[in-house]
Amino acid sequence: MVQLSFLVMAVSVLFATGNSNAASYRSYGYDFFGKVVPTLDPYSPERVIDVNQYAKDVRDIFITDDGRIWIADSGNSRVVILEQNGDLVDIIQAFATDKGQDKLRAPESVFVGQDGTIYIADTGNQRVVVLDKDRNFLYLIAFTQEDIEKSDIFPEGFRFRPRSIGQGVGNNLYVICAGVYDGIMEFSEDGVFQGFIGAPKVTPSLRDVLWTRLATEEQRARRRLFLPVEFSKLDIDERGFIYTTVATSELQEEVVKRLSPGGQDTLVRAGKLPIVGDIKFAADMDPYTGPSTLIDIVVRENGIYSVLDSKRGRVFTYDNYGNLLYVFGGPGSHQGMFNRPSAIESYRDRLFVADRGKNTITVYRPTDYARFIHLAVHYYEHGQYDRSAEAWRKVLGLDASYEMAYIGIGRNYLLQGDFVKAMENFRLGQDRQNYSKAFEDHRSEVLHENIGRVVSAVVLLLVLIWLILKHRVPDKVKSKVNAALSRGGRVKQTIRDTLEGVSYAKHLAFHPFDGFWDLKYLGKGSVASATVLHALLVFSLLCSIYYTGFIFNTRDLNSVNVVREVAIVLATFALWCIVNWGVTTLTDGKGSFRDVFIYSTYALTPLIMMLIPTTIISNYMTVGEGYYYYLFLSIAIGWTGALLFVGTIVTHEYSVSKAVLSIGAIVVGIVLVAFIGLLFFMIIDRLIYFVIDLYNELTYRMV
């Protein structure tokens, strides 16, 4: 069936013409930085099957190999079978048993096995009804109250309310039951209960744990239990892996799972973004507040799967590695949009989405955009890397900003040994892992070709360092320089003092106690030299932002605002100095505001010393060597923190314990000042809007 699907897809790509049905929604994706990126429509609505004359509440749909659509109609308590064109085939509402006629009640799911066996989640009657291909009754899966009470597996108050069904390895039946938090129920081919698989984790938040520790028994009794999340729908691929969704969960990274027959989550989450649906959403847009609500999933060819978001009516499609391929759909009344989407299915290259709000099934056909994406994934999964790269190039011809296409092309260049072009494409695709692989191979290639020059450069560099360290500047030269500066008048003298103050930072970094003492009492530093050091820090930070190696630089340089970055650094430092001076004044600190400014700036010396070297070497390191990069940065930050601590002790003449308490008070003070400042600006912002609205209203009334 998969091969037939791709034959149809390939022919469609070759002979595709323009789409006659334009989509009403706006399709999009997310780039590496989590920004919404508009895309071409991957799917367009082909037709809408109106089932109002047959169904009242479409909860689930299933499509058999012959293309027939099976609908679980909870409103009319029946299963409706339709042809692809919407013509009625049959209705299953009742069935004959040994005890007489029996009826369905509010079914929520239907599944048809390869042999034609029909499984109906008869939710209202708390059972699964099993019929043969001729609609004859076979058996029921149900639990009596006596069975529940005798078993030590089921929790108190358990009720068997099946909501989703699938058949896996060995014809075992897997059932998601409403209100059951122990996982998916597994039954043998003849309906014998085997146990639970894939139980979600119970992970209460730190706040919940602290509350439980501190609350009284009565408060704990009123608080809801720490229950695991509940599965919503499932689908099973041809290898027996169970793909399932969780409608609501505090663990957003687990809202989609792929369970092995043994119940282990094997979903690959190697994509740039979490598999959670929307990652950006407006917090104040009711009723679309909060993360996506993924209620159904359908497994497709080559490990691709699509999930349905009932909150915003969107379909998210991911590949086998967890990369988001495309998003389409949306809430609305136009064709292709949804009111209350409830289920998703696929048949060949079409997608079918049921809407219980409209009682419709929308059939979507792929555009060239989606066809090329799927072909590229198909060729890659089957080892045809050249064809995959060619398909990705066609995707880029339609959408030049599609990052996955660059990654696919880069992989092909990497396999061909063209590391430079591979790096170029991986960079455009924001793929740092594969870029690192290509860079490592390219670096080895360059080093192998230039080994002699590299060794000579390293030896020369070491000799120069040794000469600089061993031979100091002669005193005669120093005296001549000083004499020249002294003849230049007061300006040159000021420059000389400032430069000496700047150079003193190196001594202070390695001898902090003596350094901070001399800084305050012997005048080794000045406001001017501290200002120069601060300027050097800002310069180093900007160099780090713009010139850190691609592998370690995860910032969107196109959105970096230099003025804002500098303002943040200066504002943060100013806040530290102001609160520091205020707190230490109240706690008998001996340092003035000038002293605080100078010692705090000198304490930043390790960052100034380390940022530019680490920025340079980051351009020649791979992901595997990133340990050293982050180690150097951690040393610089830790060193700076230690200097701030020592500077506080020496400048304010504190004991160690008093310094710890003072720094803690300073941190709390900074948080409070920042909060009050933010609140003040929010009030001013609201006041400005109020004045503008009032002015517009008065102007409108007067006119």
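This report concerns the structure included in the present document. Owing to the predicted nature of the structure, the values given are computational and were not obtained by experimental measurement.

So, how was this worked out
- Numbering of residues starts from 1 in each chain and follows the order in which that chain's sequence is written.
- Side-chain atom pairs in this predicted model are given and counted only at pLDDT of 80 or more, local residue features only at pLDDT of at least 70, and totals for whole chains, interfaces and linings cover all residues.
- The side-chain quantities take in all heavy atoms of the structure and omit both hydrogens and water.
- Numbering goes from the N terminus for both helices and strands, where a helix is a DSSP run of H or I of at least four residues and a strand is a run of E of at least two.
- The definition of a polar contact used here is a pair of N or O atoms within 3.5 Å, where within protein one atom must be able to donate a hydrogen and the other to accept one, and adjacent residues in sequence count solely through side-chain atom pairs.
- Only protein chains enter the accessibility calculation, which uses a 1.4 Å probe; a residue whose area is less than 20% of its type maximum is buried, one above 50% is exposed, and one in between is partly exposed.
- By definition in these notes, contact holds between two residues if any of their heavy atoms fall within 4.5 Å.
- Here, strands pair whenever DSSP counts at least two bridges between them.
- Axes here mean lines fitted to C-alpha atoms, for a helix over just the part in contact, with angles spanning 0 to 180 degrees between N-to-C directions.

## Examining the side chain of Lys-233
Part 1 of the reasoning: Along the chain, Lys-233 falls in strand S18 (residues 231-236).
Part 2 of the reasoning: Within the local environment of Lys-233, its side chain forms a polar contact with the backbone oxygen of Ser-342, the two atoms lying 3.1 Å apart.

## Things to note about the environment of Arg-127
Part 1 of the reasoning: For Arg-127, the location among the structural elements is in strand S12 (residues 127-131).
Part 2 of the reasoning: By relative accessible area, Arg-127 is classed as buried at 8%.
Part 3 of the reasoning: Sequence-distant contacts of Arg-127, that is, excluding residues within four places in its chain, are made with Phe-95, Asp-102, Lys-103, Ile-120, Ala-121, Asp-122, Leu-140, Ile-141, Ala-142, Phe-160 and Pro-162.
Part 4 of the reasoning: One polar contact links Arg-127 to Asp-122, side chain to side chain, over a distance of 2.8 Å.

## A few points about the sheet that holds strand S16 (residues 184-187)
Part 1 of the reasoning: Spatially, S14-S15-S16-S17 is the arrangement adopted by the four strands of the open sheet, whose pairing is antiparallel. Both outer strands of the open sheet, strand S14 (162-167) and strand S17 (193-197), are each paired with one neighbouring strand and no more. Along the sheet, successive strands turn relative to each other by an average axial angle of 25°, direction set aside.
Part 2 of the reasoning: As defined by bridge partners, S16 adjoins S17 across four bridges and the pair is classed as antiparallel. For Ile-184, the partnering residue across the bridge sits in S17 and is Ile-197.

## Focus on the sheet that holds strand S7 (residues 88-92)
Part 1 of the reasoning: In spatial order, the strands read S4-S5-S6-S7; together these four strands make up an open sheet with antiparallel pairing. Lying at the two open borders of the sheet, with one neighbouring strand each, are strand S4 (58-63) and S7. Between one strand axis and the next, the sheet turns through 20° on average, direction left out of account.
Part 2 of the reasoning: As paired elements, strand S6 (residues 78-82) and S7 share four bridges and run antiparallel to each other. Along S7, the bridge assignment pairs Val-80 with Ile-91.

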